Amino acid sequence: MKFQSGLEFAKHLDATDELSEFRTQFHIPTDQSGKPLIYFCGNSLGLQPKVTKSFVETELDKWAQLGVEGHTQGHFPWLHYHEFLTEAMAEIVGAKNHEVVVMNSLTVNLHLMMASFFQPTKSRFKILIESDVFPSDKYAVESQLRHHHLDPQESLILWSPRAGEILPNYDDLEQIMKDQGNEIALVMIGGVNYYTGQYFDLKRITRLGHQYGCMVGFDCAHGAGNVALNLHDSEADFAIWCTYKYLNSGPGSLSGCFVHERHADKPELNRLSGWWNHNKETRFNMRQPFDQLFGAEGWQLSNPPILSMAAIRASLNLFKTAGMPALIDKSKKLTEYFEFMLAALRDDRIEVITPKNINERGCQLSIRIKNADRSIHDKLTKAGVISDWREPDVIRVAPVPLYNRFEDIFQMVQLFKIILND
Ligand SMILES: *Cc1c(COP(=O)(O)O)cnc(C)c1O
């Protein structure tokens, strides 16, 4: 699409945007005078849908009125509450219903998945990750290696960018697999990298991993609700994601988990268990021998926090109404417009390190600023732009199609220009 750099054009894009009404369904944070902030941190904490409060209140009221009977009574009985999220969540990540469950938080799920899908042997014991993986994931895989009495120095392989480059290269991944694929037990990649916004080719990585007999999993924290993950078709063994970033379900809310259907019914697969992955029919008979649930539900441990799940249900309803394909269309347009506006600054101190190919990214742009420090970001914040700073020199902005406007981008870039030339 051909863009123009004036305000009128931004307003025109908003006026002709079929999803523009969705913004009115969110609480937009404001400054002290009540003026809406320009919010580009939906990749960190998504905004609150206005309906969320009533969804949570409904469950609080149910608890007040019914006490323990809320588990089986009322409109959405708690015993089955996670099931009311499954279909919409599966749709968002491109999976079958029995491949998806919402449970726990993200890093916890990563460990649960590794309990099953990282089973080191004498000859196959390594884990491969991308070098600039999100810290929690790195700590998690290192601790799994130590848990199996392995030394991360030897057993953790990094897929790194070439010297002087920022994005890792698929040829190098193929070379690593050629050299060490037979020793790698698990390939664990962030589906969309948190720092660069690079959306990896899940299918290609999975194919490559499987070719060498490795398990392949993805952390899709920055992918779910942002890009078309098509998890089922990717053939990945597992994936995990959180719901508080693009999925707008509130701070610390629960995580989603995908297990490919080829693993749906494998009692022999090692896993950690609790009463919640035991057969639903006999769960409350107690004193039963363990009877594994089918599908992704078969990795649950505990009865889940209903109040957080109510917030997820509220948000998923909005996604269902808008539809991922329409959201992704708008997301691409917003992000291309953002890129265009930044390029129009003609300031060679700034460089977008996110891939230029729109199929290799979601809505996030990571802007590297030469010789800058955090003060640029702090000035932006003071001017009413909520973005985030990642050391050493990157500002991340994520224009989210559910609630960001083209005009937000226009305004941000004007402020950015003033601050850069300050
Ligand atoms: C946000 C994020 C996390 C955070 O983990 P929590 O367990 O939810 O605290 C972990 N990994 C990635 C890739 C993330 O983007």
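Just so you know, these numbers come straight off a predicted model, no measurement behind them.

Right, let's talk about the pairing of strand β8 (residues 255-259) for a bit. Each regular strand shows side chains that alternate between the opposite faces of the sheet. For β8, the buried fraction is high: 5 of the 5 residues fall into the buried class. Side chains of β8 alternate between two faces, with S255, C257 and V259 and G256 and F258 buried alike. The sheet contact formed by strand β2 (residues 100-103) and β8 spans 4 bridges and is antiparallel. What sits directly across from V100, in β8, is F258. Two elements, strand β7 (residues 238-242) and β8, share 5 bridges in a ladder whose sense is antiparallel. Each residue of the ladder has a partner; that of C242, found in β8, is S255.

Ordered by their spatial adjacency, 4 strands build an open sheet running β9-β10-β13-β12, and the pairing between neighbours is antiparallel. On the outer flanks of this sheet lie β9 (350-352) and β12 (388-390), each paired with one strand and no other. Strand-to-strand twist in this sheet, taken as the mean axis angle between neighbours without regard to direction, amounts to 30 degrees. The pairing of β12 with strand β13 (residues 394-397) spans 3 bridges and is classified as antiparallel. Looking at β13, one finds that D388 is bridged to R396. Against the sheet, helix α13 (residues 406-420) contacts β9, β10 (365-369) and β13, and its axis sits at roughly 10 degrees relative to β10.

What follows deals with the layout of surface pockets. Any space left empty among the atoms is revealed by the rolling of a water-sized probe across them. Volume-wise, the largest pocket comes out at about 210 Å³. At the level of secondary structure, the elements contributing two or more residues to the lining of the largest pocket comprise α8 (202-211) and α9 (231-234). If you tally residues by element for the lining of the largest pocket, the top one is α8, at 3 residues. Among the residues making up the lining of the largest pocket, the classes are represented as 6 nonpolar, 3 polar and 5 charged.

All right, on to the site of the ligand then. L106, T107, F134, D137, D219, A221, H222, Y244 and K245 make up every residue found near the ligand. Between D137 and the ligand, the recorded distance is 2.7 Å, taken from a side-chain N or O atom to a nitrogen atom. Within the contact set of the ligand, an oxygen atom lies 2.4 Å away from a side-chain nitrogen or oxygen of K245. Expressed as a share of its isolated accessible area of 390 Å², the protein-covered part of the ligand is 82%. Of the residues belonging to the shell around the ligand, the class tally is 4 nonpolar, 2 polar and 3 charged.

Right, let's talk about the domain arrangement of the protein for a bit. Where interface size is given, it is often the accessible area lost as the parts come together that is meant. Taken domain by domain, the protein consists of domain 1 (7-50 + 323-420) and domain 2 (96-260). Taken over C-alpha atoms, the centre of domain 1 sits 27 Å from the centre of domain 2. Taken together, the two surfaces of domain 1 and domain 2 that pack against each other cover about 1,900 Å², and 57% of this comes from carbon and sulfur. Area buried by domain 1 at its contact with domain 2 is led by N43, L45 and I353, which between them contribute 21% of it. Linking domain 1 with domain 2 are 0 salt bridges, by the criterion used here. Joining domain 1 to domain 2, the criterion identifies 10 residue pairs in polar contact (both at pLDDT 80 or more). Mapped onto the side of domain 1 that touches domain 2, the elements with two or more residues apiece are α11 (324-343), β10 and β13. The greatest single-element share of the side of domain 1 that touches domain 2, amounting to 3 residues, is contributed by α11. Of the residues assigned to the side of domain 1 that touches domain 2, the class counts are 15 nonpolar, 10 polar and 7 charged.

The interhelical angle for the contact between helix α4 (residues 106-117) and helix α5 (residues 135-147), taken along N-to-C directions, is 35 degrees, at an axis separation of 10 Å. Where α4 crosses over α5, the two elements pack in a sense that is right-handed. Mapping the contact onto sequence places T107, L110, H111, M114 and A115 in α4 and S136, D137, A140, V141, S143 and Q144 in α5. Considered class by class, the residues forming the contact of α4 with α5 number 5 nonpolar, 5 polar and 1 charged.

We now examine empty space enclosed by the protein. The full count for this structure, using the stated rule, is 2 cavities of 30 Å³ or more. Taken as a whole, the largest cavity spans an internal volume of roughly 80 Å³. As for the largest cavity, its lining consists of G225, N226, Y246, F319, L327, I328, S331, C363, V400, P401 and L402. In terms of residue count, α11 provides more of the lining of the largest cavity than any other element does, 3 residues in total. Considered class by class, the residues forming the lining of the largest cavity number 8 nonpolar, 3 polar and no charged. Residue-level mapping places the lining of the largest cavity at the junction of two domains, with at least three residues from each of domain 1 (7-50 + 323-420) and domain 2 (96-260). Approximately 30 Å³ is the volume attributed to the second largest cavity. Lining the second largest cavity are R23, I28, L37, I38, Y39, L47, Y403, N404 and D408. Among the residues forming the lining of the second largest cavity, the class breakdown is 6 nonpolar, 1 polar and 2 charged.

Calculation rules
- Sequence positions are assigned chain by chain, starting from 1 and proceeding in written order.
- Local features in a predicted model are, by the rule used here, given only for residues with pLDDT of at least 70; side-chain atom pairs are given and counted only at 80 or more, and totals for whole chains, interfaces and linings are based on all residues.
- The basis for the side-chain values is all heavy atoms of the structure; hydrogens and waters are excluded.
- The buried label applies to any residue whose accessible area, calculated with a 1.4 Å probe on protein chains only, is under 20% of its type's maximum; exposed applies above 50%, and partly exposed to all values in between.
- By the criteria applied, helices consist of DSSP H or I runs no shorter than four residues and strands consist of E runs no shorter than two, each listed in order from the N terminus.
- A pair of strands counts as paired when DSSP detects no fewer than two bridges linking them.
- Helix axes are fitted only over the stretch in contact, all axes being lines through C-alpha atoms; the angle between N-to-C directions runs from 0 to 180 degrees.
- Any two residues whose heavy atoms approach within 4.5 Å at even a single point are treated as in contact.
- With a 1 Å grid spanning the protein atoms alone, the term cavity applies to any set of points in which a 1.4 Å probe fits but cannot get out, the term pocket to an open set with protein on both sides within 12 Å along at least five of seven lines, and the term lining residue to any residue with an atom within 4 Å of a point.
- Grid points are joined across faces, edges and corners, and a volume is the space filled by probe spheres set on the points.
- Lys, Arg, Asp and Glu make up the charged group, whereas Ala, Val, Leu, Ile, Met, Phe, Trp, Tyr, Cys and Pro make up the nonpolar group; the residues left over, Gly among them, are polar.
- Nearness here has a simple test: a residue counts as near a molecule or strand if at least one of its heavy atoms is within 4 Å of that partner.
- Two N or O atoms form a polar contact when they lie within 3.5 Å of each other; inside protein one atom must be a possible hydrogen donor and the other a possible acceptor, and for residues adjacent in sequence the pair counts only when both atoms belong to side chains.
- Only the protein chains shown count as cover for residues, with accessible areas throughout obtained via the Shrake-Rupley method and a probe of 1.4 Å.
- Where a domain begins and ends is set by an automatic assignment or by a domain database.
- Once two parts are put together, the accessible area they lose, assessed with a 1.4 Å probe and summed over both, is termed the buried area.
- A side-chain nitrogen of Lys or Arg and a carboxyl oxygen of Asp or Glu constitute a salt bridge if their distance falls within 4 Å.
- In this scheme, a crossing is called left-handed if the near helix is turned counterclockwise away from the far one by less than a right angle; it is called right-handed if the turn is clockwise.

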